[in-house]
Amino acid sequence: MQLPIQISFRHMEPSIAVEDRIREKAAKLEQFYDRIMGCRVVVEAPHRHRHQGKLYHVRIDLTVPGGELVVSREHHGKKAHEDVYVALRDAFNAAQRQLESFSQRQRGNVKHHEPPPSGRISLLVPEQDYGKIETIDGREIYFHRNSVLNEDFQDLQVGKEVRFTEEEGDLGPQASTVHLKG
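As the structure is a computational prediction, the values presented were derived from the model and not from experiment.

Enquirer: Could you clarify how one ought to interpret the overall build of the chain in this entry?
Expert: A count of helices and strands for the chain gives 2 helices and 9 strands. Secondary structure elements in the chain, listed N-terminal to C-terminal, are β-α-β-β-β-α-β-β-β-β-β. Taking all 182 residues of the chain together, 35% fall into the buried category. The long-range fraction of contacts in the chain, counting pairs at least 24 apart against all pairs at least 6 apart in sequence, stands at 52%.

Encoded structure:
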């Protein structure tokens, strides 16, 4: 980290043991993103409820190039958050997930969902319950009557455009699902 970690306690006595755990957890965050510029952690015991003990609230502010990531773990009645170490664990786990996501976005590793392959029905053999699809790149994909979804096999026509899910069959590529386009 470029700046020293800042730790604050609200409505509770500062604890060296808790500070040590926070420093340990913050150091581990750098394994997931090594360009953290600053880290501020606030541990708060906001209320003492009649039926339960103090529920700790942990807020983590991470300064990173181009912005700031904020984790604010509310207890929402989680009895486990009566333990400050559990509240810290949950908050730092959330910070780790945010850092991993931020890092992936920066690297451009955002998931892109490819559209399912498509083609045109090139052959139908109703008496044997199968057909074939010609793909855009000229391959031929076998499909069975049972692969056709949201349509009746007998309503299909040669030349109709379809989307399909391809898998490797015993005799080559085949469509496990077939949907009419449009």
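Enquirer: Would you explain helix H2 (residues 84-107) in this entry?
Expert: Residue pairs spaced three or four apart in an α-helix point in one direction, given the helix's 3.6 residues per turn. Here H2 is 24 residues long and its end C-alpha atoms lie 34 Å apart, about the 34 Å a rise of 1.5 Å per residue gives. Within the sequence span of H2, burial applies to Val84, Val86, Ala87, Leu88, Asp90, Ala91, Phe92, Ala94, Ala95, Leu99, Phe102 and Ser103. Among the residues of H2, the N-terminal cap falls to Asp83, whose side-chain oxygen and the backbone nitrogen of Tyr85 are separated by 2.8 Å. After H2 finishes, the residue Gly108 shows a positive phi value of roughly 80°.

Enquirer: Explanation requested: the pairing of strand E5 (residues 118-125) in the structure shown.
Expert: It is a general feature of regular strands that their side chains alternate between the two faces of the sheet. Pairing geometry for E5 and strand E8 (residues 161-169), over 3 bridges, is antiparallel. If you follow Gly119 over to E8, its bridge partner there is Val162. In terms of strand pairing, E5 meets strand E6 (residues 130-135) through 6 bridges, oriented antiparallel. In the sheet register, Ile121 faces E6, and the bridge partner there is Ile133. Where E5 folds back on E6, the antiparallel hairpin that results is connected by 4 residues, among which Asp129 adopts a positive phi of roughly 60°.

Enquirer: Looking at this structure, how should I read helix H1 (residues 16-29)?
Expert: An ideal rise of 1.5 Å per residue puts 20 Å on 14 residues; H1 measures up with 20 Å between its terminal C-alpha atoms. Those residues of H1 that are buried lie in contact with strand E1 (6-10), strand E2 (38-44), strand E3 (57-64) and H2. Between the side-chain oxygen at the start of H1 and the backbone nitrogen of Ala17 there is a gap of 3.4 Å, and the oxygen is on Ser15.

Enquirer: I tried to follow the packing of aromatic side chains on my own but got confused; where do I start?
Expert: Taken as a whole and assessed by the stated rule, the structure comprises 3 aromatic pairs. Ring geometry for Tyr33 and Phe102: centres 5.5 Å apart, planes at 80°, overall edge-to-face. In this pair, Tyr33 is assigned in the loop between H1 and E2 and Phe102 in helix H2, connecting sequence segments 69 residues apart. The residues Tyr33 and Phe102 share a single accessibility class, namely buried.

Enquirer: Help me out: how do you make sense of the pairing of E1 in this one?
Expert: Side chains Ile7 and Phe9 of E1 all project onto a buried face; the interleaved residues Gln6, Ser8 and Arg10 project onto a face where none is buried. In terms of strand pairing, E1 meets E2 through 5 bridges, oriented parallel. What sits directly across from Phe9, in E2, is Val43.

Enquirer: Sorry, what's going on with the sheet that holds E5 here?
Expert: Hydrogen bonds between backbone groups are what pair the strands of a sheet, and the pairing can be parallel or antiparallel. Taken in spatial order, the 5 strands line up as E5-E6-E7-E9-E8 and close into a barrel, and their pairing is mixed. With direction set aside, neighbouring strand axes in the sheet form an average angle of 45°.

Enquirer: What am I meant to see in the nonpolar core here?
Expert: A general tendency of soluble globular proteins is for nonpolar side chains to be buried together. In this structure, Ile22, Val41, Val43, Ile60, Leu62, Phe92 and Leu99 are the most contacted members of the largest nonpolar core, which totals 30 residues. Every element with two or more residues in this core is listed here: E1, H1, E2, E3, strand E4 (67-73) and H2. A total of 9 residues in this core trace back to one element, the largest contributor, which is H2. Aside from chain neighbours lying at most four places away, what touches Ile60 is Cys39, Arg40, Val41, Leu69, Val70, Val71, Ala91, Phe92 and Ala95. One finds Ile133, Phe143, Phe153 and Phe164 within the second-largest nonpolar core, a separate group that totals 11 residues.

Reading the values: the criteria
Residues numbered from 1 in each chain as written. Predicted model: local features only at pLDDT ≥ 70, side-chain atom pairs only at ≥ 80, totals over all residues. Heavy atoms only, no water. Helix = DSSP H or I, 4+ residues; strand = E, 2+ residues; numbered from the N terminus. Buried < 20%, exposed > 50% of the residue type's maximum accessible area, 1.4 Å probe, protein only. Contact = heavy atoms within 4.5 Å. Expected span 1.5 Å × (residues − 1). Polar contact = N/O pair within 3.5 Å; in protein donor to acceptor, adjacent residues only side chain to side chain. Pairing = 2+ DSSP bridges. Phe/Tyr/Trp six-rings, centres within 6.5 Å; stacked < 30°, edge-to-face > 60°. Axes fitted to C-alpha atoms, helices over the stretch in contact; angles between N-to-C directions. Core = buried A, V, L, I, M, F, W, Y, C linked by side-chain atoms within 4.5 Å.

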